[in-house]
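Below are the chains, spelled out letter by letter.
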Amino acid sequence: MFRLLVVPVSIGILAFLFTWFIAPVIVPEPGVVSYVAELSLYLSNAYFETMPPIIASYIAHLNLPMAALTVGLLLMLAIQLLVITGSTVIWITKWIILRLQRNRGEEVEQDLSPIDMDPRYMGSAPGKEILGRGIDSIDRE
């Protein structure tokens, strides 16, 4: 819960404060507003065939506080989307690993059936000098 809400909101607030107070010192206020308007136009053109009236009204009345609020909210949503995606990928990975470990423990290896051999080849009788056991003793006779 902490990662899903507190971290993205705090990053959004920091972006808002940076855009409102620090960005105008680096870039003039009309430059900051024009960057945000340009981003809004780009997103509008990418996702809509014609510009919705609410976006046109937003761009027409855009000022520095609204631009700062927009940057803060967009960054907050982007960070929250990244956190949710990362958490989902981690959860799915852990679930797959758990399933693989659980399935691996259920498999029982079966022994091979014993080989039926002639008892005279299983070992050497006293006085017969057959060394070893199994198939090697067949070759000696």
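The structure we're discussing is the one just above.
Residues numbered from 1 in each chain as written. Predicted model: local features only at pLDDT ≥ 70, side-chain atom pairs only at ≥ 80, totals over all residues. Heavy atoms only, no water.

**Student:** Account for the side chain of serine 44, with residues named and values stated.
**Tutor:** Residue placement: serine 44 occurs in helix 2 (residues 29-47). In this view, serine 44 contacts Met51, Pro52 and Ile55; residues no more than four positions away in its chain are not counted. (Helix = DSSP H or I, 4+ residues; strand = E, 2+ residues; numbered from the N terminus. Contact = heavy atoms within 4.5 Å.)

**Student:** Give a description of a nonpolar patch on the surface that names residues and reports values.
**Tutor:** A surface patch of nonpolar side chains, amounting to about 870 Å² of accessible area, comprises Val9, Ile13, Leu17, Phe18, Trp20, Phe21, Ile22, Val25 and Ile26. Note on placement: phenylalanine 18 falls in helix 1 (residues 2-26). Accessibility expressed as a relative area gives 42% for phenylalanine 18, which makes it partly exposed. (Patch = residues over 30% accessible without salt bridge, like charges linked within 9 Å, V, L, I, M, F, W, Y side chains within 5 Å. Areas by Shrake-Rupley, 256 points an atom, 1.4 Å probe, with all protein chains shown as cover. Salt bridge = Lys/Arg side-chain N within 4 Å of Asp/Glu carboxyl O. Buried < 20%, exposed > 50% of the residue type's maximum accessible area, 1.4 Å probe, protein only.)

**Student:** Can you explain the packing of helix 2 against helix 3 (residues 53-60)? Please cite residues and give values.
**Tutor:** At a minimum axis separation of 10 Å, helix 2 and helix 3 run at an interaxial angle of 170°. Taken together, the axis directions place helix 2 and helix 3 in an arrangement best described as roughly antiparallel. In this structure, helix 2 contributes Val36, Ala37, Ser40, Leu41 and Ser44 to the contact, and helix 3 contributes Ile55, Tyr58 and Ile59. The residue inventory of the contact of helix 2 with helix 3, partitioned by class, reads six nonpolar, two polar and no charged. (Axes fitted to C-alpha atoms, helices over the stretch in contact; angles between N-to-C directions. Parallel < 35°, antiparallel > 145°, perpendicular 65-115°, else oblique. Nonpolar A, V, L, I, M, F, W, Y, C, P; charged D, E, K, R; others polar.)

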